[in-house]
Amino acid sequence: MTTFTYEKDLFPSSFDYFRILRAFEMDTFDHPYYRLTKKLLLLIGQWPYQKSSERRIRDFIVFMSLFSFFSTQVLLYITYYGNIDILIETMAPLSAVTVCIVKYFTVRLNTEKIKQLLDHLIDNWKLCRTKEELEIMHKFGKETKLFTLCYTMYIYVCMTMFLLLPISPLIMDFVVPLNESRPLKPIFKGEYFIDEDEHFFPVYFHMVISIAISITALITGDALFLMFNSHICGIFAAVGCRFENFLKDQADSKYSLDNLSTDKCLENIRYSIRNHKSALKFAELIESFYSVSLLLQSGLSLICMSISLFEMLIVVDNRAEAFRYFNFAVAQLLHLFCMCYPGQRMIDYSTDIRNKAYNGLWYEAPLSIHKLLILVIRKSLEPTYLTAGKIFIFCLETFATILQTATSYFMVISSVH
């Protein structure tokens, strides 16, 4: 596994942590910016550098959990084939677990691409030559830590609330007892070919374990996606900073720009262009990694959110059940937002490079630099997109469109039912 290897004379205050990592021969991804994502990947057996025996065991556990829950929903649909109410009730959990399966296999089947992206991430840190660039990369590293932590905590809190609501009658029987016990309802209906009322707790614990592992697979896929997205935005921001300031130090010094070495200027701008190409290459790897997966996820999340809203409408008189489905719908909404907003950020930061290049002291540079900057500006006119199978682009406008479509589907289902 590659680790950070910066020169000792470059900005010691900023590199102290990474020097400590190198001194103790620690994994680069044990840094707080990336530690949570690495632990999640280890947990589901998908860290590329994990021991093969440990990886196979964890991989088997996750696969069986996903398959067992998925099969109970499919069997329920087959058993009650033709029953519209059962079909509608099954669609939400079936869509949700399918999203988890898609995320899991996106990571599982792309181990080599993940290795390339992780190595690329480390190489990008090595390209930082100025204090400003390094500060930008640290800023986006802290952002990675914040995004992944907040997202993980939110999804787990929603999941916990969702899983505890079915056994809330037991708590109420203890706090406010009645003459008879309150009825218990399953988390989701599923086909186990047994009396689920009589065997409530075995069914309940199976669902709890399966859902918890499935949600962990979902969070892992999203945490990895958010980490790569924050990093690519950081690269674009650092490249823009270099283009904006590549002559600033010399212009502020006592030496005239006329005395600057043309070769030095050319080397500076060429280095910036190589960094820009490296950023575009990283963006292409992200696109190839996630494009098809995001298309499937967005479609399934759309269905899941529409059905959840409909289920909430059906049980609106039961506040606990209505809140459960509302919580589920909001979690799906956040999931869609976490796909669209990173795409918008990629567009914004990739196109901002042209503004940074234009705001620099290009007019003080030699004429040969002007031609190179024109190429950079022209390339930056084309935004870097994150697409869903090359069909549509993920951005805030797409998020609004998907939300509107989900609402329309909800209204149609309600009117038909």
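If you check an unreviewed UniProt entry, the protein appears there as Odorant receptor from Vespula squamosa. What the UniProt record of the protein gives under Subcellular location (unreviewed entry) is the line "Cell membrane". Its UniProt record, at the heading Sequence similarities (unreviewed entry), says of the protein: "Belongs to the insect chemoreceptor superfamily. Heteromeric odorant receptor channel (TC 1.A.69) family."

Before going further, it helps to spend a moment on the overall build of the protein. Helix and strand counts for the protein come out as 13 helices and two strands. When burial is assessed residue by residue, the protein has 49% of its 417 residues classed as buried. The contacts in the protein between residues at least 6 apart in sequence include a share of 79% that link residues at least 24 apart. Split by element, the accessible area of the protein, about 20900 Å² in all, is 63% carbon and sulfur.

Peptide bonds are, in most cases, trans, and in most cases residues other than glycine have a negative phi. The backbone phi angle of Phe193 is positive, close to 60°, even though this residue is not glycine. Relative to the helices and strands, Phe193 is located in the loop between helix 7 (168–175) and helix 8 (200–245). Given the relative accessible area of 59%, Phe193 is considered exposed.

Look at helix 5 (residues 111–126): 23 Å from first C-alpha to last across 16 residues, which is about the 22 Å you get at 1.5 Å a residue. Within helix 5, the full set of buried residues consists of Thr111, Ile114, Leu117, Leu118, His120, Leu121, Ile122, Asn124 and Trp125.

Now for the side chain of Ser350. Summarising the element assignment, Ser350 is placed in helix 11 (residues 319–359). Within polar-contact distance, the side chain of Ser350 engages the backbone oxygen of Ile347 at 3.1 Å. Of note is the side chain of Ser350, whose polar atom sits 3.0 Å from the backbone nitrogen of Thr384. Those residues in contact with Ser350 that lie beyond four places of it in its chain are Phe236, Ser380, Pro383 and Thr384.

For Pro366, the location among the structural elements is in the loop between helix 11 and helix 12 (367–380). Overall, Pro366 belongs to the partly exposed group, its relative accessible area being 22%. Distance from Pro366 to Cys265, taken between C-alpha atoms, is 7.9 Å for residues 101 residues apart in sequence.

The next point concerns the environment of Leu333. With respect to the helices, strands and loops of the structure, Leu333 is situated in helix 11. Overall, Leu333 belongs to the partly exposed group, its relative accessible area being 27%. When the C-alpha atoms of Leu333 and Leu403 are compared, they prove to be 8.0 Å apart, with 70 residues separating the residues in sequence. Setting aside residues no more than four positions away along its own chain, Leu333 makes contact with Met305, Phe399 and Leu403.

Cut-offs applied
Residue numbers run consecutively from 1 along every chain, following the written order of its sequence. Confidence filtering applies because this is a predicted model: local features only for residues at pLDDT of at least 70, side-chain atom pairs given and counted only at 80 or more, and all residues used for totals across whole chains, interfaces and linings. Values reported for side chains reflect all heavy atoms of the structure, with hydrogen atoms and water molecules removed beforehand. UniProt positions are given in the numbering used here, feature names are shortened, and annotations may be inferred rather than shown by experiment. Note on conventions: DSSP H or I runs of at least 4 residues are helices, E runs of at least 2 residues are strands, and numbering of each starts at the N terminus. A simple rule labels every residue: compare its accessible area, found with a 1.4 Å probe on the protein chains alone, to the largest value its type can have, and call it buried under 20%, exposed over 50%, or partly exposed in between. Only heavy atoms enter the contact rule, under which two residues are in contact if any of them lie within 4.5 Å. Note that accessible areas follow from Shrake-Rupley with a 1.4 Å probe, and for residues the cover is restricted to the protein chains shown. One fewer than the residue count of a helix, multiplied by 1.5 Å, yields its expected span. Within 3.5 Å is the distance limit for a polar contact, defined as a pair of N or O atoms, with the added protein rule that one can donate a hydrogen and the other accept it, and that residues adjacent in sequence qualify only through two side-chain atoms.

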